[in-house]
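Listed below, chain by chain, are the residues.
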Amino acid sequence: TAAMSNVPDLAGRSVRQATTAAEPSHSRRLGKISLIVMLALLLTKVTGQLRQILIGIRFGYDTPYADAFTQGFLIPDFIYTLLIGGAIQAAIIPYLSSSIESGREKDGWRAVSSFITFMAILMGSILLICEIFAPLIMQYFTTSTSYQMAVTAARALLPQAFFMMLAALLIGILNTYKKFITTALTPCIYNSLVLLSLLVLAKRTDGGVKAASVGITAAAAIYFLIQLFSARREITNFRLGLNLNKPEVRELFSLAVPTLVSASIPYFSSFLISSYYKYFADGTSYAYSNAISTWQLPFGIVVIAITNVTLPHLAELFTRKDFSGASKMISTGLRSALLIIIPAALCFGIMRQDVIAGIFRWGRAMSSDSVNYTAQILRWYCPVMVTHTVTYFLNNVFYANHKTWVPMAGAAFNLLMLFIFTRYTFAHTGFGPESMAFSFALSSFASTILLLVLMAIFFPKIKLLHWQHYAVITVFATVAAGGLLWLWQTISGDIQPTHKLSQLLYLLVRAVFAYGIYFYVANIFGITEVRYIKQKVFNKFKK
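What counts as what
Residues numbered from 1 in each chain as written. Predicted model: local features only at pLDDT ≥ 70, side-chain atom pairs only at ≥ 80, totals over all residues. Heavy atoms only, no water. Helix = DSSP H or I, 4+ residues; strand = E, 2+ residues; numbered from the N terminus. Buried < 20%, exposed > 50% of the residue type's maximum accessible area, 1.4 Å probe, protein only. Contact = heavy atoms within 4.5 Å. Areas by Shrake-Rupley, 256 points an atom, 1.4 Å probe, with all protein chains shown as cover. Core = buried A, V, L, I, M, F, W, Y, C linked by side-chain atoms within 4.5 Å. Phe/Tyr/Trp six-rings, centres within 6.5 Å; stacked < 30°, edge-to-face > 60°. Lys NZ or Arg CZ within 6 Å of the ring centre and 35° of its normal. Bend = angle between axes of the 7 residues up to and from the residue. Axes fitted to C-alpha atoms, helices over the stretch in contact; angles between N-to-C directions. Parallel < 35°, antiparallel > 145°, perpendicular 65-115°, else oblique. Left-handed = near helix turned anticlockwise from the far one by under 90°. Nonpolar A, V, L, I, M, F, W, Y, C, P; charged D, E, K, R; others polar. 1 Å grid on protein atoms, 1.4 Å probe; cavity = no way out; pocket = protein on both sides within 12 Å on 5 of 7 lines; lining within 4 Å. Points joined across faces, edges and corners; volume = space filled by probe spheres on them. Polar contact = N/O pair within 3.5 Å; in protein donor to acceptor, adjacent residues only side chain to side chain. Patch = residues over 30% accessible without salt bridge, like charges linked within 9 Å, V, L, I, M, F, W, Y side chains within 5 Å. Salt bridge = Lys/Arg side-chain N within 4 Å of Asp/Glu carboxyl O.

Caption draft 1: Representation of the overall build of the protein within the structure. Along the backbone of the protein there are 18 helices and zero strands. Buried positions account for 54% of the 543 residues belonging to the protein. Counted over contacts in the protein with a minimum sequence separation of 6, partners at least 24 positions apart contribute 83%. Element-wise, carbon and sulfur atoms account for 68% of the exposed surface of the protein, whose accessible area totals about 23300 Å².

This is the structure:
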């Protein structure tokens, strides 16, 4: 975080100058930055979704090739998350931000340098071990038809985790210095390289799965080099070395270890769900991958953008013990995120079959059965969009105040609930492959309630401002928008335009209708965020 008086922020002004009198302009500046980051993330998510679509087109939707390619990411993604994923957002950014804010930038960089060095050594060692034991690991998550291809894909993709780790560390450093736009734009370059690899190399053969995996690892290496160039000025403070005996290094590790554990637990959840795929037909793994990528599309654009921008500022507020400012920032950010996420969840839930067909069915590559199969899984992930939004914001409150063990406890509780719910629903309900998604929704709701209780206990000075009024109006707006969209869907029945562009436009029209109703009701009852958006749009047209 560029918070010292001699370091300018994105608007070219000193962060130290952001006094109480300047708070409105500071908030507007953060809002503009968040909007730009959202647009950049939208581009990234669109290219990422194209990648997901292309997997089905190149490998097939109900084939072991698509399953093997998807399963090949399980080990490298898990190792990446286990060793580094959560530590960047939850520990490194808040720690370095607080160090700069308190005038200890040199100590902060000493700790970050030691952390990067240690993790690079550890990551390389573990990836080597996984290369050797990949055949043993993959037998627990694959069918007999996809097993050998999944092992080959995993081995080709494991080096990708190392390059992505280094790239993510550089992104974290850039975000600390408020280079949000740079870090939000570059991932679409990686996705574009992945698309190129799939287009050129992917085929419905064993060799095609391996070649595409190698291509994606090469894309990750290029992505790292791009981030290295982007952060060339900021990393001049980096010094290779461990210095594990230094107090600031031990402090950072004490913050990072719980975040690493908490970030890895969701992957244990993925492994738990993946262990049930073998009981169902070929294509289940890819169907779940499609459903998950779909619900994470708005989540990854809106929630990630807002939290990425607010986290370093939130860490500064906690360092200054400005709990009033922190309450305002958390409340505004969470209300703004839910304002977009809740209508999206409604649209995805009510129009789930049309959404899946619109995104993934191109030509005749995806059958109607595959569309229905994926859509039924998606419906249980729609409430997760809301609960995960709340959870993500609450976790950042704990991260910003260096209480990293609380999200770890919440993630462990989530995993325990998922294990219990999945065992029960799989054995005693007729949900079939949907049982895992249903269980995930239940466990997500339970962990959200737990984190709300823990925040009230540990942060009594942090208040979710105007929350009761917001919650009541949100219920009214949700019922109105959801009811009218469901009525439209019921009356129109199976009416669908013939051409793909017409299908997407028809889907967009219904989504705009639902958002319009939701915003209209929210505006009538005085939701501040809606009126702010309305004012901004009106001013733009007035100009």
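Caption draft 2: Just the nonpolar core, in detail. With 154 residues, the main nonpolar core has Phe59, Phe69, Leu198 and Tyr381 as its most contacted residues. Among residues more than four places away in sequence, those in contact with leucine 198 are Arg51, Leu54, Ile55, Arg58, Phe59, Phe69 and Ala212.

Caption draft 3: Structural view of the packing of aromatic side chains. This model, assessed by the stated rule, comprises 24 aromatic pairs. Ring geometry for phenylalanine 162 against phenylalanine 163: centres 6.4 Å apart, planes inclined by 75°, an arrangement best described as edge-to-face. With 4.9 Å between their ring centres and 80° between their planes, phenylalanine 431 and phenylalanine 438 make a pair best called edge-to-face. The class for phenylalanine 431 is partly exposed, based on a relative accessible area of 28%. Here the aromatic residues Tyr288, Trp295, Phe299, Tyr381, Tyr392 and Phe440 are joined through ring pairs into a cluster of three or more. The ring of phenylalanine 229 carries the charged tip of arginine 232 above its face, separated from the ring centre by 4.0 Å. In this structure, arginine 510 packs its charged tip against the face of tyrosine 506, placed 4.0 Å from the ring centre.

Caption draft 4: Molecular detail of helix 10 (residues 284-319). Glutamine 296 marks the point of greatest bend in helix 10, at about 40°, and the proline proline 298 comes within the next four residues. Looking one or two residues beyond helix 10, the residue adopting positive phi is lysine 321, at roughly 60°.

Caption draft 5: Quick peek at the packing of helix 7 (residues 187-201) against helix 8 (residues 206-230). Where helix 7 contacts helix 8, the two axes come as close as 9 Å, and the packing angle between them is 155°. Judged by the angle between their axes, helix 7 and helix 8 are roughly antiparallel. Helix 8 is crossed by helix 7, and the crossing has right-handed handedness. Counted together, Pro187, Ile189, Tyr190, Leu193, Val194, Ser197, Leu198 and Leu201 of helix 7 and Gly208, Ala211, Ala212, Gly215, Ile216, Ala219, Ala220, Ile222, Tyr223 and Ile226 of helix 8 form the full contact between these two elements. Residues belonging to the contact of helix 7 with helix 8 are distributed by class as follows: 15 nonpolar, three polar and no charged.

Caption draft 6: Inspection of the layout of surface pockets at higher detail. In this structure, the second largest pocket occupies an estimated 510 Å³ of space. In this structure, the second largest pocket is lined by 26 residues; those nearest its centre are Gln353, Asp354, Ala357, Arg361 and Gln496. In terms of residue class, the lining of the second largest pocket is built from eight nonpolar, twelve polar and six charged.

Caption draft 7: Up close: the side chain of asparagine 396. Within the secondary structure, asparagine 396 sits in helix 13 (residues 368-400). What makes asparagine 396 buried here is its relative accessible area of 4%. Among the polar contacts listed, one links the side chain of asparagine 396 to the backbone oxygen of tyrosine 392, at a separation of 2.8 Å.

Caption draft 8: Geometry of a nonpolar patch on the surface. Together, Trp405, Phe445, Ile449, Leu452, Val453, Ile457 and Phe458 give the surface a local cluster of nonpolar side chains, amounting to about 640 Å² of exposed area. Counting through the fold element by element, phenylalanine 458 comes out in helix 15 (residues 434-458). Phenylalanine 458 sits in the partly exposed class, given a relative accessible area of 30%.

Caption draft 9: Layout of the environment of tyrosine 506. Mapped onto the fold, tyrosine 506 is located in helix 17 (residues 500-524). For the pair tyrosine 506 and glutamine 496, spaced ten residues apart in the sequence, the C-alpha separation amounts to 8.1 Å. Setting aside residues no more than four positions away along its own chain, tyrosine 506 makes contact with Trp488, Ser492, Ile495, Gln496 and Pro497.

Caption draft 10: Spotlight on unusual backbone geometry. Positive phi is not limited to glycine here, since lysine 321 has a value of about 60°. By secondary structure assignment, the location of lysine 321 is in the loop between helix 10 and helix 11 (323-350). Accessibility expressed as a relative area gives 61% for lysine 321, which makes it exposed.

Caption draft 11: Looking closely at the environment of glutamine 353. Within the secondary structure layout, glutamine 353 lies in helix 12 (residues 352-360). On the accessibility criterion, glutamine 353 (37% relative accessible area) is partly exposed. In sequence terms glutamine 353 and serine 368 are 15 residues apart; their C-alpha atoms lie 9.4 Å from each other.

Caption draft 12: Representation of the side chain of threonine 217. Residue placement: threonine 217 occurs in helix 8. Side-chain polar atoms of threonine 217 contact the backbone oxygen of alanine 156, separated by 2.6 Å. When neighbours within four sequence positions are excluded, threonine 217 is seen to be in contact with Ala156, Leu157, Pro159, Gln160 and Phe163.

Caption draft 13: The arrangement of the packing of helix 10 against helix 13 in detail. For the pair helix 10 and helix 13, interaxial distance at closest approach is 9 Å and the crossing angle is 15°. One finds that helix 10 runs roughly parallel with respect to helix 13. Where helix 10 crosses over helix 13, the two elements pack in a sense that is right-handed. Class assignment for the residues of the contact of helix 10 with helix 13 results in 24 nonpolar, eight polar and no charged.

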